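Remarks on the overall topology
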Amino acid sequence: MTRFDPAVNGFHFRNAFQTVTGVFDITTGGLCGGMVYAALDYFNKGQAAPAQTYTPVNGTQLQSYIYARHMTSLERAMPKWVELHANPLGARNAEFFNWGLQGTGGGRLQELRAEIDAGRPVPLGLKSLDADPSNDHVVLAIGYDMGRYRGDLGANKEDLKIFIYDPNSGNRMVTLYPVPSEAKYCMDSANGTKCFRTYFVMKNTWTPQTPPAISDHPKELILTIGTGGDDLRGGNDNLSVSLNLKNGGRIEASNVNMGQRWIDHSDQTVGVSLPEGLAPQDIQSVTLRTSFGGGMGGDNWNLDTLTMVFRDNGVNQARCTLKGSPLTRFTGDRKSETYPFACR
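Keep in mind that what you see is a predicted model, and the values were worked out from it rather than measured. (Residues numbered from 1 in each chain as written. Predicted model: local features only at pLDDT ≥ 70, side-chain atom pairs only at ≥ 80, totals over all residues. Heavy atoms only, no water.)

Take helix α5 (residues 108–117) next. Looking only at α5, the buried set comprises Arg-108, Leu-109, Glu-111, Leu-112, Glu-115 and Ile-116. Across the axial projection of α5, the buried residues extend over an arc of 160°, all falling on one side. The secondary structure elements touched by the buried residues of α5 are α3 (61–85), α4 (93–99), β3 (122–127), β4 (137–145), β5 (161–165) and β9 (198–201). Just downstream of α5 lies Gly-119, where phi reads positive at about 80°. (Buried < 20%, exposed > 50% of the residue type's maximum accessible area, 1.4 Å probe, protein only. Helix = DSSP H or I, 4+ residues; strand = E, 2+ residues; numbered from the N terminus. Arc of directions from axis to C-beta. Contact = heavy atoms within 4.5 Å.)

Taking burial as the measure, the six residues of strand β7 (residues 184–189) include five buried ones, the bulk of the element. Sheet topology note: the strand β6 (residues 173–179)/β7 ladder contains four bridges and is antiparallel. In the sheet register, Val-179 faces β7, and the bridge partner there is Lys-184. The loop that links β6 with its antiparallel partner β7 comprises four residues; one of these, Ala-183, has a positive phi angle of about 50°. Here β7 pairs with strand β8 (residues 192–196) via five bridges, running antiparallel. (Pairing = 2+ DSSP bridges.)

Next up on the list: the sheet that holds strand β16 (residues 315–330). Judged by pairing direction, the sheet is antiparallel, and its four strands sit side by side in the order β13-β10-β15-β16 without closing on themselves. Edge positions in the sheet fall to β13 (267–274) and β16, since each of these pairs with one other strand and no more. With direction set aside, neighbouring strand axes in the sheet form an average angle of 15°. Taken together, the nine bridges between strand β10 (residues 219–227) and strand β15 (residues 301–312) define a ladder with antiparallel strand orientation. In the sheet register, Lys-219 faces β15, and the bridge partner there is Asp-312. (Axes fitted to C-alpha atoms, helices over the stretch in contact; angles between N-to-C directions.)

So, about the sheet that holds strand β14 (residues 283–290). Overall, antiparallel pairing links the four strands, which are arranged β12-β11-β14-β17 in an open sheet. Either end of the sheet is taken by a strand with one partner, and the two such strands are β12 (250–253) and β17 (336–340). Pairs of neighbouring strands in the sheet enclose a mean axial angle of 20°, with direction left out of account. Direction of pairing for β14 relative to β17: antiparallel, over a ladder of five bridges. Residue pairing for β17: Arg-289 is matched across the bridge by Ser-336.

Another point: the side chain of Asn-87. Take Asn-87: it is sitting in the loop between α3 and α4. A polar contact is formed between the side chain of Asn-87 and the side chain of Asn-93, at a distance of 2.8 Å. Residue contacts for Asn-87: discarding those within four places in its chain leaves Arg-92, Asn-93 and Phe-96. (Polar contact = N/O pair within 3.5 Å; in protein donor to acceptor, adjacent residues only side chain to side chain.)

For helix α2 (residues 32–44), which comprises 13 residues, the first-to-last C-alpha distance of 18 Å matches the rise-based estimate of 18 Å (1.5 Å per residue) to within 8%. Where burial is concerned, most of α2 is hidden: twelve out of the 13 residues are buried. Within α2, the full set of buried residues consists of Cys-32, Gly-33, Gly-34, Met-35, Val-36, Tyr-37, Ala-38, Ala-39, Leu-40, Asp-41, Tyr-42 and Phe-43. Residues of α2 that are buried sit in contact with α1 (6–9), α3, β3, β4 and β5. One or two positions beyond α2, positive phi appears at Gly-46, with a value near 75°. (Expected span 1.5 Å × (residues − 1).)

Overall, the coordinates contain two disulfides when judged by the stated rule. Here Cys-186 pairs with Cys-195 through a disulfide, and the sulfurs are 2.0 Å apart. Handedness here is read from the sign of the S-S torsion; for Cys-186 and Cys-195, about 105°, the answer is right-handed. A single burial state applies to Cys-186 and to Cys-195, both of which are buried. With a sulfur-sulfur separation of 1.7 Å, Cys-320 is cross-linked through a disulfide to Cys-343. Remark: Cys-343 occurs in the segment after β17 and Cys-320 occurs in strand β16; sequence separation between them is 23 residues. We note that Cys-320, like Cys-343, is buried. What connects to what in the protein, once the bonded cysteines are numbered by sequence position, is 1-2, 3-4. Here Cys-32 is not cross-linked by a disulfide; its sulfur's nearest cysteine counterpart is in Cys-195, at 17 Å. Accessibility expressed as a relative area gives 10% for Cys-32, which makes it buried. (Disulfide = S-S within 2.5 Å.)

Attention now goes to the nonpolar core. Generally speaking, a soluble globular protein has its nonpolar side chains buried in company with each other. One finds Phe-11 and Ile-66 to be the most contacted residues of the largest nonpolar core, which totals 34 residues. Those elements that place two or more of their residues in this core are α2, α3, α4, β4 and β5. The greatest single-element share of this core, amounting to nine residues, is contributed by α2. Apart from residues no more than four positions distant in its own chain, Phe-11 is found in contact with Met-35, Ala-38, Ala-39, Tyr-42, Ala-49, Pro-50, Leu-62, Ile-66, Tyr-165, Gly-170 and Asn-171. (Core = buried A, V, L, I, M, F, W, Y, C linked by side-chain atoms within 4.5 Å.)

Written as C-alpha cells, this is what we have:
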C-alpha cells in the first residue's frame with residue numbers, strides 16, 4: 001500500500017459533474033481523470049483534499065482546476081485510449097485482458113507493481129467493455145495484493161486485488177479484481193458492480209501541479225442561466241460574468257461556458273468563487289458580457305431566465321430570479337447587460 005488514504009486525500013464529493021460538450025448537442029457527465037489528477041496533486045504537496053462535500057459548480061475555482069486537469073489527462077493518455085479502442089469485433093479482448101495480468105516483460109501488472117512498490121499512487125485508465133468512450137474511466141491505484149498469483153498468466157489469477165480511489169464512489173477505498181472466466185476486471189462501486197476490459201498505467205501522463213487553496217467554507221454566487229430560442233454558440237462566442245461590488249470592486253469570471261455551446265431551451269448552472277467575508281448585501285449588480293464579433297456571421301443569444309443564488313458553504317443565503325421572453329437578446333451590437341442584485 002502507498003500512503004494515499006482516500007478518506008483524507010480523496011475528495012469528499014462524488015464525480016457528479018455535468019460538462020457541456022458542443023458535440024451532438026449533448027451534455028456529458030464526469031471529470032474522473034481531473035479528480036484523480038487533482039487528488040494526486042494535493043497528495044504530492046502534502047495537503048489534504050478540500051473539505052467541500054458537494055460537487056463544485058462549473059466556473060468555481062475548484063471545478064475549474066479539476067476541469068483543466070481532466071483535459072490534461074485526456075490529452076496525454078489519448079494514444080493509449082486509441083490503441084485500446086482499435087479492437088474490431090472484440091478480436092483483441094483476451095490480449096487486452098491478459099496485459100493487465102502480465103507481471104513481466106513490460107506487462108501492465110509489472111508497471112503497476114513498480115509504481116506502488118516505490119510508494120507512488122498511479123492513475124489507471126479503465127477501458128470499457130464496449131466501444132463507447134463515455135464508458136471508459138480513470139481511477140487511482142493506491143495498493144495491490146497478489147495473493148497466490150505469481151504474475152505469470154498461470155493459476156490463481158482471481159487472487160489479484162488492486163486497491164483504488166474511485167472518484168465515482170467518494171472518498172473510500174474500492175477494490176478492482178479480475179474475472180478470468182469472462183476476461184474482464186470489475187469493482188464493486190457505490191453505484192453497483194462496474195466491469196472493464198482492461199486497464200493501463202498512466203505513469204507518464206501525470207506531472208505534479210500546485211493545486212489551489214480552497215476555503216473550508218467556500219462562498220459562491222451560483223447563476224442558473226436559461227437559454228431561450230437562440231443558442232450561445234461557444235467557440236469564440238462566449239460568456240463572461242462580472243460581479244460589481246458596492247465598494248467599487250469587481251470580481252471577474254471569464255468564459256463561464258468553457259467555450260462550449262449552450263443549446264436552445266436549456267439551463268446551465270455556473271458559479272463564481274467569492275472571497276471570505278463577502279455578504280449578499282455587498283453585491284450591487286451582475287454583468288453578463290459576451291465576446292460576440294458581430295457582422296454577418298456574428299452570434300445572437302436569447303437569455304430567458306437568470307437565477308442568482310448567494311451560497312455559503314453549500315447553504316443558500318439569498319436568491320432571486322429574473323425572467324423574460326427573452327429577458328435579454330445579446331447580439332453583436334448588444335454584447336453586455338447589467339442586472340441589479342436585489343436578492344435577499
